[in-house]
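Below are the chains, spelled out letter by letter.
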Amino acid sequence: MRSLRRLFKRISNFATRRRHDERLREEIESHLAAQTEENLRAGVAPLEARRQAALKFGTMQAVREDYRAEGGLSFLEDLFIDFRYAVRQLVKKSRGFTTVVILTLALGIGACTAIFSVINGVLLRPLNYPAPDRVVTIKETQLPGLPDVYASVPNFLDWQQQAKSFSHIAAFVGAPLNFTNAGEPQQLRAIKVTAHFFDVLQVQPTIGRTFNPEEDTPGKHHVVLLTEPACERLFGGTSGILGRQLKLNDEMYTVVGVIPAGFGYGVAPNMDAFIPMAFRPDETTNQNRGMHKVITVARLRPGVSVAEADAELKLIAAQLAAQYPETNKGWSAFVMPLLDYWVQDVRLLLYTLLGAVGFVLLIACANVANLLLARAISRHREFSVRAALGATRGRLVRQLMTETLLLALAGGAAGVLLAHWSLQGLLVLAPAVLPRTFEIRLDGTVLAVCLALSVSTGLLFGLAPAWLASRVDITSALKAGARGTTENRSRGRLRGLLVIIQVALALTLLAGAGLLTRSFARLTRVDPGFTPGGAVVLRFTLPEKKYPQPEQQVAFADKLLERVRALPGVERAAVAQPFPFFPGWTFPFNLEGRPPVPESELPNSSYYAVTPDYFPALGARLVRGRVFSAEDGPDAPRVAIINETLARRCFGDQNPLGKRIAINELEKWREIVGVVANIRAGGIKQRGDNQVYEPFAQNPHRTLNLLVRSGESTAALVPSLRAAVYSIDKDQPVPHVRTLDTLLDDHMATPRFAVLLLAILSSAALVIASVGIYGVTAYTAVQRTGEFGIRMAIGAQRRDVLRLVLRQGAKLVLIGLLAGLISTLVAGRVLTSMLFETSPYDPITLATITIVLGGIAVLACLLPAYRAAKINPIEALRAE
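Residues numbered from 1 in each chain as written. Predicted model: local features only at pLDDT ≥ 70, side-chain atom pairs only at ≥ 80, totals over all residues. Heavy atoms only, no water.

1. Comments concerning the overall build of the protein
Spelled out, the test is: What counts as a helix is a DSSP run of H or I of at least four residues, what counts as a strand is a run of E of at least two, and both are numbered from the N terminus. To sort residues, take the accessible area from a 1.4 Å probe on protein chains only and compare it with the maximum for the residue type: under 20% means buried, over 50% means exposed, and anything in between is partly exposed. Residues count as neighbours in contact if any of their non-hydrogen atoms are within 4.5 Å of one another. Using a 1.4 Å probe, accessible areas were evaluated by the Shrake-Rupley method; residue-level cover was limited to the displayed protein chains.
Of the regular secondary structure elements, the protein holds 26 helices and 25 strands. For the protein, with 880 residues in total, the buried portion stands at 50%. Taking the intrachain contacts of the protein between residues at least 6 apart in sequence as the baseline, contacts between residues at least 24 apart amount to 81%. Total accessible area on the protein stands at roughly 40,300 Å², and carbon and sulfur atoms take up 59% of it.

If you want it as structure tokens, here you go:
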């Protein structure tokens, strides 16, 4: 019986509403007819008279019905009318609203577009080779889980002979060439390549040919391929370049071909020249299997996957380990797509930034959705009139969605402009390790993604507000005094949910930025082990043909240091190879008195050859013993200096001075004469590896790093340093000149880049979220004006109203903060590898960010609450 009563009551209510609706329609039609007659008497044409009458009641439905009466509207014509009406509403009647929405969307879409441009150029765009997905690199790695290294020459040759998964395998290695011309000598960026290098990449020369297999042997290797940019820079073009003789590294080479511009990324970007590898016989012996120095690339055979090739290389590596246990035991190999390998160091950073800008876009869209819902609710009278005239709910939703899509497209267009401007700044801020920066641009793919993003944004965050706003109650909506009506509960829940989403996402972004900032602050406080200020490094390579003997290399270094020390302002000068932050050497070492083990099981150490003044010039601290002196010459007893890490690991509490060490089994025993503090030569994040130093005179090298410490400006000193080199060898170029401060700064560039961008994005998210919280609180307070008037009329104080409004806003903020903390804990796993000595769940950072965001959010609620508390109850009730 109770169910029947409820059914009869619903039927009765429905009939009552229908009677009210019919009465309202009749009333509106009579008003429309009267207005139309008035317009006709004023001389207005019949159709225009009807249109103007309809506009007075905020609807175009009557105009459409008149047009249909004249012959009907097509679908496109109907859409055009929607479009024209939407433009009129947005441009003429709601300019402030339109501006705020477009700017908000432009910020989110522009940031996403800019970051996607970087990701598209660096990670997604294929390499500029035929079938680039078939090109892979092969690396060697020592188990378990140590960093991968280049291949040794004998292992590479075995891969060439045994591997069946590849059509071609090639190797290359950096080999700068000193080019002597009529003017100042210069160094060409060049690499040595094996014969099948260009077959792997399937690159054809623009003119001439590539290398023949017989030219990849010693004595027949004096041929060179130049790139088009190098020909243009050196000779003004490629005319007459074939057969030209060039003096490179004091040897004559014949130009046999020209490689097109833009070639080389993934193997050797921005190269000037290529010469044959031409392995010497001593490089291919089994004793050199432990010398990992060549980079390997290969092209997969048709139908062979990367996984299949990787399995085959691991099997070959296992066979070599069994065959040559002294050098290969514990070593394996792996195959990886070439593009994936070269971008692996920046992949996580770029995708993290993409996720951050995605959060900004979501916050912006949630804010826009709240604005759309508020605006649609404010037009409830217009929608009620239109519904009374026969407009369906779908018709109202379509009109609102037309306006939303127009806003989204306008925001997308503004976002493209913002992305274009911000992209230039991104490239300026980008660290040097970011590859393929020349590929980053706003191309068709990026614009298509931006368009799709704009449309999907409009659909995703416009549909729910449009659907809720189109649910009108004609009877109540057309009553006078709508100011004090209570907001629909479903609309209120949606608005609250959007605020919670904004707060949660903003907290996640702010926490990520806070963690990276804390990590970066700790990174800047790390002692690199040397004093960077007031020092400059000149790096150059002596040609092998001119300086083949160790005695010649030592003589050059001694003359150079003698002349540099005589320059005004020079305090210390030294030569080293390698040098901190430049590619270094790693060799196994053995200690005298330890049980003999295979070379593959020996511990490894970074290795440096330095002149006596190296440690004072670098500003490194001597812990015990002595530094090298002039007496540690080629014929003197072999000596070495180790760092604190190696001393602690190998000798514990014992005094290492007087102990003897050997770098691999081919080296003679060296007496340890000193211990120096750890130098973070491989990067600031490197916590300390084994380091062994020996006198440069006892093991010289053709690549020289001249370190000069001066009490004067290092920039003013550079010309004099170059002149000192030219005074010894007028044909020796000095291409690389860097200060120690610059080298250190370059290694801080990547974390600084991440911190800066996340700080900018999180600040934008904070501003947008704060505006959204303020807007929701202010709108809700206005909707409850009548309620507040009644409360104050019956005795409520202003502080009670203030507390009431603040409580409602603070509740949403608190829920958002809790949700944000949960998402922050989940997202912290992504940041783990990017942090330095900082936990992704650092309680101080998370608590600080939560308190700051909560405080700002409460302040955003305070102003609307204060305004609500100041209302006059008499005026509020009179408005009802």
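2. Comments concerning the side chain of Q698
Here Q698 lies in the loop between β23 (691–695) and β24 (703–710). Not counting residues up to four positions away in its chain, the partners in contact with Q698 are D632, G633, P634, A636, P637, R638, V639 and R670.

3. Concerning helix α25 (residues 843–869)
The condition is simple: Helix span, as expected, comes to 1.5 Å for every residue beyond the first. Bend, at a single residue, is the angle you get between axes fitted to the 7 residues ending at that residue and the 7 residues starting at it.
For α25, which comprises 27 residues, the first-to-last C-alpha distance of 37 Å matches the rise-based estimate of 39 Å (1.5 Å per residue) to within 8%. When the local axis directions of α25 are compared, the greatest deviation, roughly 25°, occurs at L862, which is followed within four positions by the proline P864.

4. Topic: the pairing of strand β15 (residues 535–541)
Basically, it comes down to this: Whether two strands pair comes down to DSSP finding at least two bridges between them.
When you tally the buried positions in β15, you get 7 out of 7 residues, the bulk of the element. The sheet contact formed by β15 and strand β25 (residues 736–739) spans 4 bridges and is antiparallel. Following the sheet pairing, L538 is matched in β25 by V737.

5. Concerning the packing of aromatic side chains
Stated precisely, the cut-off is as follows: Classification of ring pairs uses Phe, Tyr and Trp, with its six-membered ring standing for Trp, and accepts pairs whose centres are within 6.5 Å; under 30 degrees between planes counts as stacked, over 60 as edge-to-face, and the remaining range as tilted. A ring has a charge above it when a Lys NZ or an Arg CZ is no more than 6 Å from the ring centre and no more than 35 degrees off the ring normal.
Across all of its chains, the model carries 15 aromatic pairs by this definition. The interplanar angle of 75° and the centroid separation of 5.6 Å between the aromatic rings of F198 and F274 together place this pair among those described as edge-to-face. Note that F198 is positioned in helix α7 (residues 197–201) and F274 in strand β12 (residues 273–276), a separation of 76 residues in sequence. A single burial state applies to F198 and to F274, both of which are buried. Ring geometry for F540 and F556: centres 6.1 Å apart, planes at 65°, overall edge-to-face. Separated by 16 residues along the polypeptide, F540 in strand β15 and F556 in helix α17 (residues 550–565) bring together distant segments of the chain. Per residue, the accessibility class of F540 equals that of F556, and both read buried. By way of ring pairs, the aromatic residues F172, F197, F198, F211 and F274 are connected into one cluster. Just above the ring of Y324 sits the side chain of R289; from NZ or CZ to the centre is 3.8 Å.

6. Points about the pattern of salt bridges
Stated precisely, the cut-off is as follows: By salt bridge we mean one thing: a side-chain nitrogen of Lys or Arg within 4 Å of a carboxyl oxygen of Asp or Glu.
On inspection of all chains with the given rule, the structure shows 21 salt bridges. The shortest N-O distance in the salt bridge between R347 and D340 comes to 3.2 Å. On the basis of relative accessibility, which here comes to 26%, the residue R347 falls in the partly exposed class. Overall, D340 belongs to the partly exposed group, its relative accessible area being 29%. Two residues, K546 and D729, come together in a salt bridge whose shortest N-O distance is 2.9 Å. Note that K546 is positioned in the loop between β15 and α17 and D729 in the loop between α20 (714–728) and β25, a separation of 183 residues in sequence. Ionic contacts of the salt-bridge type, sharing partners, join the residues R189, R233 and D272 into one network.

7. Details of the pairing of β23
The buried count for β23 comes to 5 of 5 residues, which makes it a mostly enclosed element. Burial along β23 is two-sided: Q691, Y693 and P695 and V692 and E694, pointing in opposite directions, are all buried. As judged from the 2 bridges shared by strand β20 (residues 639–643) and β23, these two strands associate in the antiparallel manner. What sits directly across from I642, in β23, is V692.

8. Here we look at helix α9 (residues 306–323)
Its 18 residues place the ends of α9 26 Å apart at the C-alpha level, agreeing with the 26 Å of an ideal helix rising 1.5 Å per residue. The complete set of buried residues in α9 reads A309, D310, E312, L313, I316, A317, L320 and A321. Of the surrounding elements, those touching the buried residues of α9 are β1 (135–142), α6 (153–162), β4 (166–174), β13 (292–300), α10 (325–328) and β14 (331–337).

9. Looking at the nonpolar core
The condition that has to hold: As used in this record, nonpolar core signifies buried Ala, Val, Leu, Ile, Met, Phe, Trp, Tyr and Cys residues forming a set joined through side-chain atoms within 4.5 Å.
V122, F197, F198, F263 and F274 are the most contacted members of the largest nonpolar core, which totals 104 residues. If you look at the next biggest cluster of nonpolar residues, it comprises 40 residues, including F651, L706, V718 and L721.

10. Some remarks on the packing of helix α5 (residues 95–124) against helix α13 (residues 393–429)
Using the following cut-off: To obtain an axis, a line is fitted to C-alpha atoms, over the contacting stretch when the element is a helix, and the angle between two such axes runs from 0 to 180 degrees between their N-to-C directions. Any angle that is under 35 degrees is reported as roughly parallel, and any over 145 degrees as roughly antiparallel; angles of 65 to 115 degrees are reported as roughly perpendicular and all others as oblique. Note on convention: near helix rotated counterclockwise from far helix by under a right angle means a left-handed crossing. Clockwise means right-handed. Each residue receives one of three labels: charged for Asp, Glu, Lys and Arg, nonpolar for Ala, Val, Leu, Ile, Met, Phe, Trp, Tyr, Cys and Pro, and polar for the others, Gly being one of them.
At a closest axis distance of 6 Å, the pairing of α5 and α13 adopts a crossing angle of 45°. Judged by the angle between their axes, α5 and α13 are oblique. In this structure, α5 meets α13 at a crossing whose hand is right-handed. Taken together, the residues of the contact of α5 with α13 sort by class into 18 nonpolar, 8 polar and no charged.

11. With respect to the packing of helix α24 (residues 798–831) against α25
Between α24 and α25, the least distance of the axes is 8 Å, while the angle of their chain directions is 155°. Comparing the axis directions of α24 and α25 gives the class roughly antiparallel. Where α24 crosses over α25, the handedness of that crossing is right-handed. Residues R798, V801, L802, V805, L806, G809, A810, V813, L817, L821, T824 and L825 of α24 form the contact with α25, whose participating residues are L846, T850, L853, G854, A857, V858, C861, L862, A865, Y866, A868 and A869. The residue inventory of the contact of α24 with α25, partitioned by class, reads 19 nonpolar, 4 polar and 1 charged.

12. Digging into unusual backbone geometry
Following Q577, the chain continues into P578 via a peptide bond in cis, with omega recorded as -5°. Mapping P578 onto the fold places it in the loop between β16 (570–577) and β17 (585–591). Positive phi, close to 65°, is recorded for D250, a residue that is not glycine. Structurally, D250 is set in the loop between β10 (245–248) and β11 (251–259).

13. So, the side chain of D272
One can find D272 in the loop between β11 and β12. Excluding residues that lie within four positions of it along the chain, D272 makes contacts with L188, R189, L225, L226, T227, A230 and R233.

14. A few points about the environment of N120
Checked against the element boundaries, N120 lands in helix α5. Of the residues examined, N120 reaches a relative accessible area of 7% and is grouped as buried. In the structure, N120 is positioned 325 residues away from T445 in sequence and 8.3 Å away in space, judged by C-alpha atoms. Other than its neighbours up to four places away in sequence, N120 contacts R125, D443, T445 and V446.

15. Topic: a nonpolar patch on the surface
Stated precisely, the cut-off is as follows: Two distance rules govern patches: like charges are joined within 9 Å, and nonpolar side chains (Val, Leu, Ile, Met, Phe, Trp, Tyr) within 5 Å, applied only to residues with over 30% relative accessible area and no salt bridge.
A cluster of nonpolar side chains, namely F80, F83, V87 and V91, defines an oily patch on the protein surface of about 330 Å² accessible area. When you line up the elements, V91 lands in helix α4 (residues 75–93).

16. Thoughts on the state of the cysteines
Here is the rule we go by: We call a pair of cysteine sulfur atoms a disulfide when they lie within 2.5 Å.
Within this structure, the stated rule accounts for 0 disulfides. Not engaged in a disulfide, the cysteine C365 finds its nearest cysteine sulfur in C112; these two sulfurs lie 8.5 Å apart.

17. A closer look at the confidence of the model for the protein
Put simply, the rule is: Confidence scores per residue from the predictor, reported as pLDDT, run from 0 to 100.
With 81% of its residues at a pLDDT of 70 or more, the protein has an overall mean of 79. Confidence scores differ between elements of the protein, with helix α3 (residues 61–70) showing the lowest mean pLDDT of 43 and strand β9 (residues 223–227) the highest of 92. For residues 477–486, every residue scores under 50 in pLDDT, and the model assigns this stretch 20 contacts once sequence neighbours within four places are set aside.

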